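# Coordinates in review
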Amino acid sequence: MQKYSIFSLARNALSRHENWREAWRSPEPKPEYDVVIVGGGGHGLATAYYLAKEHGITNVAVVEKGWLGGGNTGRNTTIVRSNYLWDESAGLYEHSLKLWEGLSQKLNFNVMFSQRGVLNLAHNLHDLRELSRRVNANRLNGIDSEILDAQGVKDFCPLIDTSLTLRYPVLGASLQRRGGVARHDAVAWGFARAADALGVDIIQNCEVTGILRDGDAVQGLETSRGTIKANKVGVVVAGHCSVLANMAGFRLPIESHPLQALVSEPVKPVLDCVVMSNAVHAYISQSDKGELVIGAGIDSYVSYSQRGGFDVVEDTLHAVVELFPMFSRMRMLRQWGGIVDVCPDASPIIGKTPVQGLYFNCGWGTGGFKATPGSGNVFAHTIARDEPHPLNAPFALDRFTSGALIDEHGAAAVAH
Amino acid sequence: MLLIPCPWCGERDVHEFHCGGEAHITRPAGADTIDDAAWADYLFMRQNPKGLYYERWNHAHGCRKWFHVVRDTVSDQILAVYQMDEAPPDIPGRSS
Ligand SMILES: Cc1cc2nc3c(=O)[nH]c(=O)nc-3n(C[C@H](O)[C@H](O)[C@H](O)COP(=O)(O)OP(=O)(O)OC[C@H]3O[C@@H](n4cnc5c(N)ncnc54)[C@H](O)[C@@H]3O)c2cc1C
Ligand SMILES: [Zn+2]
């Protein structure tokens with residue numbers, strides 16, 4: 001791997017930046033691998049990286065039907081935090097947040113992780129109680145989390161309208177100072193480059209069309225670029241997980257919905273933290289380019305259209321303008337949608353499936369970007385050892401049979 | 001924005017409707033004898049197809065009646081509307 005540094009930048013400046021090497025190879029698929037990962041989003045690429053890095057399994061391919069990060073990874077509003085309610089989730093999301101904290105150095109790629117603080121607003125007494133409960137649970141799990149009153153919110157984020165005349169006045173908020181945002185594309189590219197350097201083949205424009213089985217065991221994949229054999233296959237395809245499960249002959253408790261986001265024209269820095277509100281359903285931050293990054297809600301119906309309804313955007317902008325009156329004259333530049341894989345308990349599914357050697361990592365719904373490094377890390381462990389890491393063991397598919405659901409609707413209420 | 005064809009009120013803005021999700025899920029018989037896997041299948045497992053989808057809608061801010069819709073989940077095009085007590089219709093030229 002060509003190391004990126006101030007020196008390599010200076011050296012390449014001398015040759016007008018014409019001699020940078022490609023960040024990863026684009027090899028033809030080999031007929032057989034030890035492990036094939038389906039889905040070249042952040043989670044799939046992180047899985048491949050950790051398989052090679054921590055488990056010494058380097059005969060690995062990542063197959064992606066489009067381009068790297070072209071799914072939800074490159075479409076999300078990039079909020080990173082770990083303030084979830086239950087112990088199981090705290091373990092998983094905090095594991096991930098810790099990995100974020102050293103990620104740029106580890107990958108030698110600037111993922112622009114910016115711990116600018118995440119506010120979750122309370123607009124009524126119930127919100128305040130619910131947030132206090134969550135903050136207390138977080139602290140018991142060793143996660144930084146605090147409660148602010150309305151004045152505290154105003155001090156931390158002066159732009160927010162905290163006057164009592166609001167239809168939904170701001171009564172307080174929870175704050176996770178270690179939370180923030182990261183650059184989504186860079187996460188996909190950083191993991192891809194580091195995985196490639198360890199020998200992983202990254203194969204784009206390669207759609208999986210069938211899953212080959214020998215009895216109860218997986219044998220490989222049928223793809224648009226031919227058959228690829230493998231005794232272990234990890235599927236990380238977000239909104240398309242039911243389609244892949246269908247190829248393997250089982251069903252998932254997942255429904256796929258459009259989720260939208262939009263960005264404004266760029267302006268000077270005005271908002272230096274992330275603000276989320278469950279009650280009015282809005283979440284907003286400002287990118288380093290100066291655009292306001294605004295996330296909307298999901299459409300209520302199942303759809304793979306990768307675009308959502310305008311009514312959803314309208315509702316979101318109502319809420320944003322109510323909280324931040326000064327944004328009322330901002331113009332929105334772009335709007336887009338992703339397909340999110342929504343699970344009944346708002347928690348992911350990571351682990352084994354009814355097919356031997358076939359592993360699924362899905363159900364992250366509206367909130368899996370924050371978990372990218374942690375999810376890849378525990379999923380690689382699950383695939384390498386054919387048994388879950390202690391952190392993802394509670395997130396097995398069979399919790400829907402045992403009833404041990406991990407209900408995170410409170411922490412995941414606003415699609416983020 | 002989708003226009004949903006309510007069988008009683010005609011095409012109306014999706015905002016007026018509540019989407020009731022996958023249609024034709026029947027509660028398994030023998031509630032006290034079936035196993036956990038059968039319950040999980042009924043309660044949680046879904047088709048979630050990429051393509052033809054049979055779903056329920058309720059005209060919540062209109063006539064408040066329920067009905068079935070066949071929609072293509074890739075294009076969101078609505079292909080048929082039918083009553084709650086009707087069997088799912090075949091869509092000519094389409095399997096699923
Ligand atoms: C608008 C929006 C805002 C969001 N905001 C946040 C946020 O603020 N914070 C947060 O934590 N999360 C957020 N999320 C959720 C987050 O984006 C996802 O949970 C996460 O990025 C999922 O990553 P992934 O790698 O699993 O999936 P993806 O990035 O979607 O990758 C899956 C890949 O699989 C590929 N694929 C599918 N089918 C096949 C096939 N048959 N063969 C080969 N490849 C296939 C797809 O092309 C895709 O590239 C948001 C999502 C959206 C849409
Ligand atoms: Zn009607």
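Here's a quick rundown of the structure. (Residues numbered from 1 in each chain as written. Chains lettered and ligands numbered in written order. Predicted model: local features only at pLDDT ≥ 70, side-chain atom pairs only at ≥ 80, totals over all residues. Heavy atoms only, no water.)

### Observations regarding the coordination of the zinc ion (ligand 2)
Residues and elements named next belong to chain B. Protein coordination at the zinc ion (ligand 2): the donors are C6 (SG), C9 (SG), H59 (ND1) and C63 (SG), at 2.0 to 2.3 Å from the metal. One way to put it: the four donor atoms around the zinc ion (ligand 2) meet at angles of 105 to 120 degrees, and that makes the site tetrahedral. Look at where the donors of the zinc ion (ligand 2) fall in the sequence and you get C-x2-C-x49-H-x3-C. (Donors = N, O, S within 2.8 Å, 3.2 Å for Na, K, Ca; no water. Tetrahedral: all angles 85-135°; square planar, octahedral: opposite > 155°, others 65-115°.)

### Things to note about the interface of chain A and chain B
Taken together, the contact between chain A and chain B spans 25 residues of the former and 24 residues of the latter. For the pair chain A and chain B, the two sides together bury roughly 2,100 Å², of which 54% comes from carbon and sulfur. It is A:R251, A:Y301 and A:Y304 that lose the most area in chain A upon contact with chain B, and together they represent 32% of the buried surface on that side. At the junction of chain A with chain B, the criterion picks out one salt bridge. The partner of A:R251 in a salt bridge is B:D41, with the nearest N and O atoms 3.3 Å apart. Tallying contributions element by element places helix 9 (residues 310–323) of chain A first for the side of chain A that touches chain B, with three residues. A class-by-class count of the residues in the side of chain A that touches chain B yields twelve nonpolar, eight polar and five charged. (Contact = heavy atoms within 4.5 Å. Buried area = accessible area lost by both parts, 1.4 Å probe. Salt bridge = Lys/Arg side-chain N within 4 Å of Asp/Glu carboxyl O. Helix = DSSP H or I, 4+ residues; strand = E, 2+ residues; numbered from the N terminus. Nonpolar A, V, L, I, M, F, W, Y, C, P; charged D, E, K, R; others polar.)

### Some words on the nonpolar core
In summary, soluble globular proteins display a tendency toward joint burial of nonpolar side chains. In this structure, A:I37, A:W100 and A:F191 are the most contacted members of the largest nonpolar core, which totals 48 residues. Leaving out residues up to four positions away in the same chain, A:I37 has contacts with A:G44, A:T47, A:A48, A:L51, A:V60, A:A61, A:V62, A:V63, A:G234, A:V236 and A:I383. Listed in part, the 33 residues of the second largest apolar core include A:A61, A:C362, A:L397 and B:F44. (Core = buried A, V, L, I, M, F, W, Y, C linked by side-chain atoms within 4.5 Å. Buried < 20%, exposed > 50% of the residue type's maximum accessible area, 1.4 Å probe, protein only.)

### Notes on the pairing of strand 15 (residues 282–286) of chain A
Residue and element names in this part refer to chain A. By the criterion of burial, strand 15 is predominantly enclosed, with five of the five residues buried. Side chains A282, I284 and Q286 of strand 15 all project onto a buried face; the interleaved residues Y283 and S285 project onto the opposite face, where all are buried too. Direction of pairing for strand 14 (residues 274–277) relative to strand 15: antiparallel, over a ladder of three bridges. Looking across to strand 15, one finds that M276 is bridged to Y283. (Pairing = 2+ DSSP bridges.)

### Description of the packing of helix 2 (residues 42–55) of chain A against helix 10 (residues 372–385) of chain A
Residue and element names in this part refer to chain A. Packing of helix 2 against helix 10 brings their axes to within 7 Å, and their N-to-C directions diverge by 55 degrees. In terms of orientation, helix 2 and helix 10 fall into the oblique class. The way helix 2 lies across helix 10 gives a crossing that is right-handed. Contacts between helix 2 and helix 10 involve G42, H43, A46, T47, Y50, L51, E54 and H55 on the former and, on the latter, T372, P373, S375, G376, N377, F379, A380, H381, I383, A384 and R385. Looking at side-chain class alone, the contact of helix 2 with helix 10 contains eight nonpolar, nine polar and two charged residues. (Axes fitted to C-alpha atoms, helices over the stretch in contact; angles between N-to-C directions. Parallel < 35°, antiparallel > 145°, perpendicular 65-115°, else oblique. Left-handed = near helix turned anticlockwise from the far one by under 90°.)

### Comments concerning the pairing of strand 16 (residues 292–298) of chain A
Residue and element names in this part refer to chain A. By the criterion of burial, strand 16 is predominantly enclosed, with six of the seven residues buried. Bridge count for strand 13 (residues 255–264) against strand 16 is four bridges, and the pairing is antiparallel. Each bridged residue has a counterpart across the sheet, and for V263 the counterpart in strand 16 is V293. Where strand 15 lies against strand 16, four bridges are found, and the strand directions are antiparallel. Note that in strand 16 the partner of Y283 across the bridge is G295. Counting the residues between successive antiparallel strands, the hairpin from strand 15 to strand 16 contains five residues, one of them, G290, with a positive phi of roughly 105 degrees.

### Brief notes about the sheet that holds strand 5 (residues 66–72) of chain B
Residue and element names in this part refer to chain B. Strands sit in the order 3-4-5-6 across an open sheet of four strands; the sheet is antiparallel. Each edge of the sheet is formed by a strand with only one pairing partner; in this case those strands are strand 3 (18–22) and strand 6 (78–82). Within this sheet the neighbouring strands show an average axis-to-axis angle of 30 degrees, counted without direction. Strand direction decides the pairing type here: strand 5 and strand 6, joined by four bridges, are antiparallel. For R71, the partnering residue across the bridge sits in strand 6 and is I78.

### A few points about unusual backbone geometry
Residue and element names in this part refer to chain A. Positive phi values are uncommon outside glycine, yet A238 reaches one of about 50 degrees. With respect to the helices and strands, A238 occurs in the loop between strand 12 (232–235) and helix 8 (241–248). Residue classification places A238 among the partly exposed positions, given a relative accessible area of 24%. Phi angles above zero are rare outside glycine, and A346 is one such case at about 60 degrees. Within the fold, A346 resides in the loop between strand 17 (332–342) and strand 18 (349–352).

### Quick notes on the state of the cysteines
Residue and element names in this part refer to chain A. Under the definition given, this model contains zero disulfides over all chains. Here C241 is not disulfide-linked; the sulfur of C362 is the nearest cysteine sulfur, at 4.1 Å. The buried category is assigned to C241, whose relative accessible area is 0%. The closest cysteine sulfur to the non-disulfide-bonded C343 is located on C362, 6.9 Å from its own sulfur. (Disulfide = S-S within 2.5 Å.)

### Quick word on the pattern of salt bridges
Residues and elements named next belong to chain A. The final tally for this structure, using the stated rule, is 22 salt bridges over all chains. When the shortest N-O distance is used, the salt bridge between E291 and R334 registers 3.8 Å. Taken together, the residues span a long stretch of sequence, with E291 in the loop between strand 15 and strand 16 and R334 in strand 17 at a distance of 43 residues. We classify E291 as buried; its relative accessible area is 8%. Here R334 falls in the partly exposed class, since its relative accessible area comes to 41%. The network of salt bridges with shared partners includes E94, K98, E101, D144 and R178.

Treat this as a map of the structure, not an account of what it does.
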